[in-house]
Amino acid sequence: LKGHSLCIGGTLHYLLMEVPFDAVKTMGRWSDSSESFTLYLRHHALILAPFLQSKPKLLENLRRYILPTVK
């Protein structure tokens, strides 16, 4: 396995265990001041979404987390 496979796999694992997004962000060592975690989730939403379909609340939380705030 390459590093990215472990990264997306770990992220998915913790999200499926309903670990809060900010906790997953911290465990993945994404910077608090950076949007890199949000961008990562946006970029990989198509990979994550099928696994989250069985957890509608979690899928909705993902959608809210990764979509830009409407002003």
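Remember, predicted model here, so these are calculated numbers, not experimental data.

Colleague: Is there a simple way to think about unusual backbone geometry in this case?
Modeller: The backbone of Glu 18 shows a phi angle near 65°, a positive value even though the residue is not glycine. Among the secondary structure elements, Glu 18 is positioned in the loop between helix 1 (3-16) and helix 2 (21-27). The class of Glu 18 is exposed, set by a relative accessible area of 54%.

Colleague: Before we go on, may I ask you to explain helix 3 (residues 36-43) in this structure?
Modeller: Residues that lie three or four places apart on an α-helix share one face, since the helix turns once every 3.6 residues. Within helix 3 the residues assigned to the buried category are Phe 37, Thr 38, Tyr 40 and Leu 41. Summarising the axial view, the buried residues of helix 3 lie within an arc of 160°, below the 170-degree limit, and thus occupy one face.

Colleague: I keep staring at the pattern of salt bridges and nothing clicks. Help me out?
Modeller: A side chain of one charge can pair with a side chain of the opposite charge if their charged atoms are brought near each other. Taken as a whole and judged by the stated rule, the model has 3 salt bridges. Among the salt bridges present, the one from Glu 60 reaches Arg 63, with a minimum N-O distance of 2.3 Å. Of this pair, Glu 60 and Arg 63 both sit in helix 5 (residues 56-66), 3 residues apart, roughly one helical turn. Given the relative accessible area of 26%, Glu 60 is considered partly exposed. For Arg 63, a relative accessible area of 40% puts it in the partly exposed group. Between Glu 60 and Arg 64 there is a salt bridge, with the nearest N and O atoms lying 3.2 Å from each other. Note that Glu 60 and Arg 64 are positioned in helix 5 at a spacing of 4 residues, about one turn of the helix. What emerges from the salt-bridge pattern is a single network uniting Glu 60, Arg 63 and Arg 64.

Colleague: Teacher, can you tell me more about helix 5 here?
Modeller: Among the residues making up helix 5, those that are buried are Leu 58, Leu 62 and Ile 66. Looking straight down helix 5, one finds its buried side chains confined to an arc of 60°; they lie on one side. Along helix 5, exposed side chains directed more than 90 degrees from the buried face belong to Pro 56, Lys 57 and Arg 64.

Conventions we followed
Residues numbered from 1 in each chain as written. Predicted model: local features only at pLDDT ≥ 70, side-chain atom pairs only at ≥ 80, totals over all residues. Heavy atoms only, no water. Helix = DSSP H or I, 4+ residues; strand = E, 2+ residues; numbered from the N terminus. Buried < 20%, exposed > 50% of the residue type's maximum accessible area, 1.4 Å probe, protein only. Arc of directions from axis to C-beta. Salt bridge = Lys/Arg side-chain N within 4 Å of Asp/Glu carboxyl O.

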